[in-house]
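Summary of structural features
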Amino acid sequence: DTGVSQNPRHKITKRGQNVTFRCDPISEHNRLYWYRQTLGQGPEFLTYFQNEAQLEKSRLLSDRFSAERPKGSFSTLEIQRTEQGDSAMYLCASSSQTYSDGTEAFFGQGTRLTVV
Amino acid sequence: RKEVEQDPGPFNVPEGATVAFNCTYSNSASQSFFWYRQDCRKEPKLLMSVYSSGNEDGRFTAQLNRASQYISLLIRDSKLSDSATYLCVVIIRGGSYIPTFGRGTSLIVHP
């Protein structure tokens, strides 16, 4: 395990379809984050897991979005009834809770979603 | 007001120049600070952590000013390969320790 893995790397879907992305974090990392990034912007936080528990969700995460991390390992992000505004890069990151403060997060290569 | 603010640039500098970026944060409970580098259409990668006493890594120097709530990144002797977007990241003490990103500053180093 050399890093965070995301798939697919690219996804083109028609408006109204559902899509699901997968993230495999670094194996010993208990924290997992999902971000969304659009052109010219920094990554925007969507949701966060510590082990299998989803501890925080952004207001950006509408009810069409759902994320899971069933066994505290890999995670999935599903978008239902996609809209053109969902087109973005979806980034997954993981980190360990080695210290009491935050430690660096390692990112996957992202899934680029295009809704047509 | 955004939690983490950066000048998007672009900063256009010649090779060999020294360039500095600032990043301001709004939450005084911010505890951990990082600079990430992001190349075009790639994922962000950690460039360096920012420590209270300031720290240096080769041509890169990071500093933290808690009183004024900003961090800075100084790049000396710029190389063409330094061209990228530099993202400021802040983690707030307590709660979920979620990394919060600025929008990034674009650097273009030209010959």
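This write-up is about the structure you can find in this document. (Residues numbered from 1 in each chain as written. Chains lettered and ligands numbered in written order. Predicted model: local features only at pLDDT ≥ 70, side-chain atom pairs only at ≥ 80, totals over all residues. Heavy atoms only, no water.)

All right, on to the sheet that holds strand E1 (residues 5-7) of chain A then. Residues and elements named next belong to chain A. An order of E1-E3-E8-E7 is seen for the four strands of this open sheet, with the pairing classed as antiparallel. Looking at which strands have only one partner, the edges of the open sheet turn out to be E1 and strand E7 (65-68). Each strand axis lies, on average, 15 degrees off the axis of its neighbour in the sheet, ignoring direction. Across five bridges, strand E3 (residues 19-24) lies against strand E8 (residues 75-79) in antiparallel orientation. The partner of Phe-21 across the bridge, within E8, is Leu-77. (Pairing = 2+ DSSP bridges. Helix = DSSP H or I, 4+ residues; strand = E, 2+ residues; numbered from the N terminus. Axes fitted to C-alpha atoms, helices over the stretch in contact; angles between N-to-C directions.)

Attention now goes to the sheet that holds strand E8 (residues 70-75) of chain B. Residues and elements named next belong to chain B. Pairing is antiparallel across the open sheet formed by five strands, whose spatial order is E1-E3-E8-E7-E6. This sheet does not close on itself; its edge strands, each paired only once, are strand E1 (4-6) and strand E6 (55-57). Averaged over all pairs of adjacent strands, the angle between strand axes in this sheet comes to 20 degrees, irrespective of strand direction. Two strands pair when backbone bridges link them, and E6 and strand E7 (residues 60-65) are joined in this way by three bridges, in the antiparallel orientation. Bridge pairing in E7 links Asn-55 to Ala-62.

Let us look at the interface of chain A and chain B. Taken together, the contacts link 23 residues of chain A with 19 residues of chain B. Across the chain A to chain B interface the summed buried area is about 1,800 Å²; carbon plus sulfur atoms make up 52%. Between chain A and chain B we count zero salt bridges in total. Along the contact surface separating chain A from chain B lie five residue pairs in polar contact (both at pLDDT 80 or more). Broken down by element, the residue count for the side of chain A that touches chain B peaks at four residues, all from strand E4 (residues 31-37) of chain A. (Contact = heavy atoms within 4.5 Å. Buried area = accessible area lost by both parts, 1.4 Å probe. Salt bridge = Lys/Arg side-chain N within 4 Å of Asp/Glu carboxyl O. Polar contact = N/O pair within 3.5 Å; in protein donor to acceptor, adjacent residues only side chain to side chain.)

For the coordinates displayed, the defined rule picks out twelve aromatic pairs over all chains. Seen from their ring centres, Phe-21 of chain A and Tyr-90 of chain A are 5.4 Å apart, and the 40 degrees between their planes marks the pair as tilted. Remark: Tyr-90 of chain A occurs in strand E9 (residues 88-95) and Phe-21 of chain A occurs in strand E3; sequence separation between them is 69 residues. Judged by centre distance (5.2 Å) and plane angle (80 degrees), the rings of Phe-11 of chain B and Phe-21 of chain B are edge-to-face. (Phe/Tyr/Trp six-rings, centres within 6.5 Å; stacked < 30°, edge-to-face > 60°.)

Our focus in this paragraph is the state of the cysteines. All names here are of chain A. Inspection of every chain in the model, using the stated rule, returns two disulfides over all chains. Across a sulfur-sulfur distance of 1.9 Å, Cys-23 and Cys-92 are joined as a disulfide pair. Looking along the S-S bond of the Cys-23-Cys-92 disulfide, the torsion reads about -65 degrees, which is the left-handed sense. In this pair, Cys-23 is assigned in strand E3 and Cys-92 in strand E9, connecting sequence segments 69 residues apart. (Disulfide = S-S within 2.5 Å.)

Spatial relationships are all this shows, so hold off on functional conclusions.
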